[in-house]
Amino acid sequence: MAAPLAPKLALARAVGALSRLRGGGATSAPGKALLRLEPHAIGALGGRLRRGSALISATNGKTTTAALVASILAQEGVPLVHNRAGANMSGGIASTLLAAAGPGGSIAGELGLFEVDELWLPRIAAELRPRAILLGNLFRDQLDRYGELETIAERWTQAVREGPGRAARLVLNADDPLVADLGRGEPASLLYFGVDDDTLALPGMAHAADAKHCRNCGSPYLFDAVYLGHLGHYRCPQCGQARPAPTVSATDVRLEGVRTASFTLHTPTGDGRVELALPGLYNVYNALAAAALATALEVPLASILAGLESTRAAFGRAESVTLSDRELRILLIKNPTGANEVLRTLILEPGEHDLLGVLNDNIADGRDVSWIWDADFELLAGRVRRVICSGTRAEELAVRLKYAGVDPERIDVQGDLSSALTAAAASDGAPLYALPTYTAMLSLRELLAAGGQTRGSLS
Amino acid sequence: VSTAASPTLRVCALYPDLMNIYADRGNLLVLERRCAWRGIGFQLTRCGLGDPLDEAVHDLFYLGGGQDRDQRLCSEDLVRLKGDPLRRAADRGAVVLGVCGGYQLLGRSYELAPGEELPGVGLVDVRTVRPPRVQRLIGNVAIEVLLDADSRKPGAEGPRRGPGGSEAAGDTILAGFENHGGRTLLGPGAQALGRVLRGHGNDGRSSLEGVRRGSVIGTYLHGPLLPKNVWFADWLIATALRIDLSELAPLDDALEWEAHRGARRAAGI
């Protein structure tokens, strides 16, 4: 395979370089070119990885979870091939492999660690024949692109039950009925993770929650505890199907505002306290998922604990930057459940906040902005000192906040992001948080970097 | 029945736990807030699977969007338990608004796949089919609501300016987002809600969008519909309360009209 592949790799690299010169899509261009020349390049290059590959997919938390796993594996000194920047469709994954590929069938890395777009999972799994697949959660997200949740659940079933995906060790979130269901009937090669802490239980299920009905018989689940969206402890009163008991779990969870969180991690090889430099219950789930995948890869507990604790915020996920001497914390929001967790985390901080909300409707954000009406901005309504709404659909966000209960006098619409940023920098006296959608987050970072204001918090 | 002195809008949300996929909550929230800001009472009743429907105590019935799976769960219940009361309510002039999946279930039937047909409640003379292997109709959409001579129908009041805005003639246009696999076909007696200006509409071919029979309205526009089309929200409130639109106190809708313009811009007009 290696010999005929070499000229194609060279050509794809040249095409990628050319595309960069012309200002084209930088990350995935060489990979896309390679896949046109060799449709099975992902499988061919992935086959060079001595320790195989692990795949991570979820609606929320893919990038952060992969960063946590990478940090754990770094403790073990495992050289990784990892799509760190989050380009998670076939082009991005092929680019990552291409960048690592060397002459004579070599590759600069031993283990592939790839976050994979939900829809692409079956195809990537068929190519890479992964050792392990981690599936974190499934929430409603970008319905215009992903279609209905059921469609993704079906594709995931296909990915893990058919073809090469069957051989992978499955690591599943026991607390998400849609995800846990994928493991029904699967034998020992399966590892569940979940949270066991009733002090976290919400009074009820969030409006945007999905999967309220039994996957087996269609009756409404009874939830003994709802932790996040539709994640929690559930059982079906009709047919008895219930949350599976997790092998890797978190107890005694403490959430400390927008900076940190901690929990006790339980694994088959021992327990330990984890002090995360990441905020919110959603990051506790990400850390737990990473610990579970690392357990499946037989990483010792000490390395898991050290790796989790040394992870810093990924790209735009609770990242902190300085804006004209003001601390600006960037909290990516992109779908109702993710936004709700960010809002829940924000209200742990005392006092009133200044916000910079940036709502874009580009393809990577989802063209449909309906989702902001499913997010519980009401949580924050009484805590807004001033909010600047920006982005391609700034006005829609302004209306959402007005109907959530924010006084219209406190809402300022500045469609242009650089004017919005200037306006945000102008005042002081309250913490400043940016809540951008995905492409808005990229633009925001670009603007900040151009002004020399991003700290290198990545890696 | 509400009185002019202290009116209350009594809304019944049908299957709010299942039929809510496209942020249908936003539509209900807009009705609630716009009543509250005017001193009009607002009552919301949730009516789910297996719940009986008392049509006499509601002015407006709302049925939102759902996934195939949710529609399967609801359609039989809707026809069996809620069909007759809904028809009686519509006959006496209550507003019934179905959005997306809810619109499909207001019609006669929805053929999800060859050989699988869900019954609809038949409030309007439409049926929906989904031919195999057709693309979903997805994207921003704007329609011009069809005018007619009846002064109780939308758009017929003539341009109404929001106090904060200078919007003229914007109030016959609805802008939103559509995302549906089904193609909805109007029966011989059915009237569309509007003419497609941008987007796909009922079937991607006829240039027609939605359906309207008196106070029963079905549309594929979500996004959600009402926050960016508040003139239409007000028309629904007035119609449901059986008052003239001019009796509703004006509100400062500057932001809402901005959002309307943003949604139209996204649709390309």
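Before going into details, it helps to say that this report is about the structure given with it.

About the cut-offs
- Residues numbered from 1 in each chain as written.
- Chains lettered and ligands numbered in written order.
- Predicted model: local features only at pLDDT ≥ 70, side-chain atom pairs only at ≥ 80, totals over all residues.
- Heavy atoms only, no water.
- Helix = DSSP H or I, 4+ residues; strand = E, 2+ residues; numbered from the N terminus.
- Buried < 20%, exposed > 50% of the residue type's maximum accessible area, 1.4 Å probe, protein only.
- Contact = heavy atoms within 4.5 Å.
- Areas by Shrake-Rupley, 256 points an atom, 1.4 Å probe, with all protein chains shown as cover.
- Buried area = accessible area lost by both parts, 1.4 Å probe.
- Salt bridge = Lys/Arg side-chain N within 4 Å of Asp/Glu carboxyl O.
- Polar contact = N/O pair within 3.5 Å; in protein donor to acceptor, adjacent residues only side chain to side chain.
- Nonpolar A, V, L, I, M, F, W, Y, C, P; charged D, E, K, R; others polar.
- Core = buried A, V, L, I, M, F, W, Y, C linked by side-chain atoms within 4.5 Å.
- Patch = residues over 30% accessible without salt bridge, like charges linked within 9 Å, V, L, I, M, F, W, Y side chains within 5 Å.
- Pairing = 2+ DSSP bridges.
- Axes fitted to C-alpha atoms, helices over the stretch in contact; angles between N-to-C directions.
- Left-handed = near helix turned anticlockwise from the far one by under 90°.
- Expected span 1.5 Å × (residues − 1).
- Phe/Tyr/Trp six-rings, centres within 6.5 Å; stacked < 30°, edge-to-face > 60°.
- Lys, Arg positive; Asp, Glu negative; His and termini not counted.

What follows deals with the overall build of chain B. Each helix and strand counted, chain B has 5 helices and 14 strands in total. Per-residue burial over chain B gives 59% buried out of 269 residues. Sequence separation of at least 24 residues holds for 75% of the intrachain contacts in chain B that already meet a minimum separation of 6. Looking at chain B as shown, the accessible area adds up to about 10,000 Å², and 50% of this sits on carbon and sulfur atoms.

It is worth spelling out the side chain of Q241(A) at this point. Residue and element names in this part refer to chain A. Within the fold, Q241 resides in the loop between β8 (231-235) and β9 (248-256). The class of Q241 is buried, set by a relative accessible area of 15%. If we ignore the near neighbours within four places in the chain, the residues touching Q241 are D181, R184, C214, R215, N216, Y221, R235 and C236.

With 37 residues of chain B in contact, the opposing surface of chain A contributes 35 residues. Taking both sides of the interface into account, the surface hidden between chain B and chain A amounts to around 3,100 Å²; carbon and sulfur atoms contribute 52%. Considering only the side of chain B, the residues that lose the most area to chain A are R25(B), R69(B) and L255(B), jointly responsible for 23% of the buried surface there. The interface formed by chain B and chain A holds 4 salt bridges in total. R265(B) serves as the salt-bridge partner of E395(A), at 3.3 Å between the closest nitrogen and oxygen. Applying the counting rule to chain B against chain A returns 18 residue pairs in polar contact (both at pLDDT 80 or more). Counting residues per element, the side of chain B that touches chain A draws most heavily on helix α5 (residues 254-267) of chain B, at 8 residues. Of the residues assigned to the side of chain B that touches chain A, the class counts are 16 nonpolar, 9 polar and 12 charged.

Residues and elements named next belong to chain A. F263, L265 and L308 are the most contacted members of the largest nonpolar core, which has 155 residues in total. Leaving out residues up to four positions away in the same chain, L265 has contacts with V248, S249, G270, D271, G272, V274, L288, A291, L301, I304, L305 and L308. Membership of the second largest hydrophobic core comes to 50 residues, among which are L5, L55, F114 and V179.

Right, let's get into a nonpolar patch on the surface. Residues and elements named next belong to chain A. Together, L11, V15 and L37 make up a nonpolar patch on the protein surface, roughly 220 Å² of accessible area in all. Its place among the elements puts L37 in helix α2 (residues 29-37). A relative accessible area of 33% places L37 in the partly exposed class.

All names here are of chain A. Read across the sheet, 9 strands follow the order β2-β3-β1-β4-β5-β6-β9-β10-β11 without closing on themselves; strand pairing throughout is mixed. Of all the strands in the sheet, the pair left with one neighbour each is β2 (80-82) and β11 (270-276). Neighbour to neighbour, the strand axes of the sheet diverge by 15° on average, direction disregarded. Sitting on the sheet, helix α11 (residues 301-309) touches β10 (260-267) and β11, and the angle it makes with β11 is about 10°.

All right, on to the packing of helix α13 (residues 394-404) of chain A against α5(B) then. With their axes 8 Å apart at the nearest point, α13(A) and α5(B) run at an angle of 145° to one another. Judged by the sense of rotation from one axis to the other, the crossing of α13(A) with α5(B) is left-handed. The segment α13(A) lies against α5(B), with E395(A), E396(A), A398(A), V399(A), K402(A) and Y403(A) engaging L255(B), E256(B), E258(B), A259(B), G262(B) and R265(B). Among the residues forming the contact of α13(A) with α5(B), the class breakdown is 5 nonpolar, 1 polar and 6 charged.

Tracing the backbone shows G115(B) in the loop between β5 (109-113) and β6 (116-119). Sequence spacing of G115(B) and I21(B) is 94 residues, and the spatial spacing of their C-alpha atoms is 25 Å.

Let us look at α5(B). Residues and elements named next belong to chain B. With 14 residues, α5 extends 20 Å from end C-alpha to end C-alpha; this agrees with the ideal 20 Å at 1.5 Å per step. All of the buried residues in α5 are L255, E256, W257, A259, H260, G262, A263, R264 and A267. Backbone geometry just after α5 places G268 at a positive phi near 100°.

One pass over the full model with this rule turns up 41 salt bridges over all chains. In this structure, the salt-bridge partner of E110(A) is R50(A), at a minimum N-O distance of 2.9 Å. One end of the pair, E110(A), is in the loop between α5 (90-100) and β3 (111-115); the other, R50(A), is in the loop between α3 (41-46) and β1 (53-57), and 60 residues separate them in sequence. Salt bridges here are not isolated pairs; linked through shared partners, they connect K402(A), R34(B), R38(B), D234(B), D253(B) and E256(B).

All right, on to the sheet that holds strand β12 (residues 208-209) of chain B then. Residue and element names in this part refer to chain B. Across the sheet, 4 strands lie side by side as β9-β8-β11-β12; this open sheet has antiparallel pairing. Strands at the two margins of the open sheet, each flanked by one partner only, are β9 (173-180) and β12. Across 8 bridges, strand β8 (residues 137-145) lies against β9 in antiparallel orientation. Bridge assignment links N140 to a residue of β9, and that residue is F177.

On to unusual backbone geometry. Note on backbone geometry: most residues besides glycine have negative phi, and most peptide bonds are trans. All names here are of chain B. In this structure, P224 follows G223 across a cis peptide bond, with omega equal to -25°. Of note, P224 is situated in the loop between β14 (216-219) and α4 (230-241). At R242, a position not held by glycine, the phi torsion is positive, near 55°. As for its position among the elements, R242 is in the loop between α4 and α5. For R242, a relative accessible area of 43% corresponds to the partly exposed category.

For the rest of this paragraph, the subject is the pairing of β10(A). Residues and elements named next belong to chain A. Of all the 8 residues making up β10, 6 are buried; the element is thus mostly covered by neighbouring parts of the structure. Pairing of β9 with β10, which is carried by 6 bridges, proceeds in the antiparallel orientation. Bridge pairing in β10 places S249 opposite H266. Where β9 folds back onto β10 in an antiparallel hairpin, the turn is made up of 3 residues, including G257, whose phi is positive at roughly 60°. Direction of pairing for β10 relative to β11: antiparallel, over a ladder of 7 bridges. Looking at β11, one finds that T264 is bridged to R273. Linking two consecutive strands that pair antiparallel, namely β10 and β11, is a turn of 2 residues.

This brings us to the packing of aromatic side chains. Between two aromatic rings, the relevant description is the distance of the centres plus the angle of the planes. All names here are of chain B. Counted according to the given criterion, the structure contains 8 aromatic pairs over all chains. Between Y103 and Y220, the aromatic rings sit 4.9 Å apart at their centres with planes inclined by 70°, giving edge-to-face as the arrangement. Of this pair, Y103 sits in helix α3 (residues 101-106) while Y220 is found in the loop between β14 and α4, placing the two residues 117 residues apart along the sequence. Here the two residues Y103 and Y220 agree in accessibility, since each one is buried.

Okay, the side chain of D70(B) next. All names here are of chain B. Here D70 is to be found in helix α2 (residues 68-91). Buried and without a salt bridge, D70 has R69 as its closest oppositely charged side chain, separated by 5.1 Å. Not counting the four nearest positions on each side in its chain, D70 is found in contact with L18 and M19.

A word on α13(A). Each turn of an α-helix holds 3.6 residues, which means side chains three or four residues apart point in the same direction. Taking burial as the measure, the 11 residues of α13(A) include 11 buried ones, the bulk of the element. Taken from the residues just after α13(A), G405(A) is the one with a positive phi, measuring 115°.

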